[in-house]
Amino acid sequence: IPESLCESELFGYEKGAFTGGLRTKRGLFELADGGTLFLDEVGDLPLSMQGKLLRVLDSGEFRRLGSETIQKCDVRVVAATNRDLAQMVREGSFRQDLFYRIAGFKVAIPALRERQTDIPAIAHLLLNHLTKETGIVYKLTQDALEKLVAYEYPGNIRELRSVLIKASARCKHGVIQADEISFEH
């Protein structure tokens, strides 16, 4: 979320709160009330928003932009990042109090290159998603699968997804051959 839209996306806004605010909009915290809110790339959150996020996590209360009314929410937050938040705290680019608030249960997922045995299952899952989008059933030949497993994936699963999308566009009848897999950018 761009920094300029971050607060309105998280907390919502009232009609007329800003130019272009033609209607009241509920934010992500309000929409997730009673459930789980996934905050991806929380390490990229601007310092100006970190305090506001901390307040809603601590109190369960927030205000929509342009409102004087306090909204309440009961939300479980799952946060993800590819950054070292502890290092960011030491450098002063991430709030220590927010770090401790969201660091309750850490799940470290190794890079794709460190778990090559997972690549076939992940590739099949991604191809199933492509099948749902396109209506074409995609399959990998054995040599294509071996090529996928042998690659290092500096871009992790996002790169694998991109490689499969390009290969699916090149293949015939949904069968992806090794020569249709390209790791070029």
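Residues numbered from 1 in each chain as written. Predicted model: local features only at pLDDT ≥ 70, side-chain atom pairs only at ≥ 80, totals over all residues. Heavy atoms only, no water.

Draft legend 1. Focus on the overall build of the chain. Secondary structure summary: the chain contains eight helices and eight strands in total. In summary, the chain has a C-alpha radius of gyration of 21 Å against a globular reference of 16 Å for 185 residues, an excess of more than 25%. Expressed along its principal axes, the backbone C-alpha trace of the chain runs to roughly 60 × 40 × 30 Å. Relative to its full complement of 185 residues, the chain shows a buried share of 38%. As displayed, the chain has an accessible area near 11,600 Å², and 51% of this comes from carbon and sulfur atoms. Of the charged side chains in the chain, 25 are positive and 26 negative; the average position of the first set lies 4 Å away from that of the second. (Helix = DSSP H or I, 4+ residues; strand = E, 2+ residues; numbered from the N terminus. Rg over C-alpha atoms; globule rule 2.2 N^0.38 Å. Buried < 20%, exposed > 50% of the residue type's maximum accessible area, 1.4 Å probe, protein only. Areas by Shrake-Rupley, 256 points an atom, 1.4 Å probe, with all protein chains shown as cover. Lys, Arg positive; Asp, Glu negative; His and termini not counted. Charge placed at Lys NZ, Arg CZ, Asp CG, Glu CD.)

Draft legend 2. Spatial organisation of the environment of isoleucine 70. Relative to the elements of secondary structure, isoleucine 70 occurs in strand 5 (residues 70-72). Looking at isoleucine 70, the relative accessible area reads 44%, which means it is partly exposed. Separated by 42 residues in sequence, isoleucine 70 and leucine 112 place their C-alpha atoms 43 Å apart. Leave out the neighbours within four places in its chain, and isoleucine 70 touches Glu61, Phe62 and Arg63. (Contact = heavy atoms within 4.5 Å.)

Draft legend 3. Representation of the packing of aromatic side chains. Per the stated rule, a full pass over the model turns up seven aromatic pairs. Ring centres of phenylalanine 99 and tyrosine 100 lie 5.2 Å apart, and the angle between their planes is 65°; this geometry places the pair in the edge-to-face category. (Phe/Tyr/Trp six-rings, centres within 6.5 Å; stacked < 30°, edge-to-face > 60°.)

Draft legend 4. Region of interest: the side chain of serine 67. Considering the arrangement of structural elements, one finds serine 67 in the loop between strand 4 (61-63) and strand 5. A polar atom in the side chain of serine 67 sits 2.9 Å from the backbone nitrogen of threonine 69. (Polar contact = N/O pair within 3.5 Å; in protein donor to acceptor, adjacent residues only side chain to side chain.)

Draft legend 5. Spatial organisation of unusual backbone geometry. Phi angles above zero are rare outside glycine, and glutamate 41 is one such case at about 55°. Along the chain, glutamate 41 falls in the loop between strand 3 (36-39) and helix 3 (47-59). The residue asparagine 156 is not glycine, and still its phi comes out positive at about 60°.

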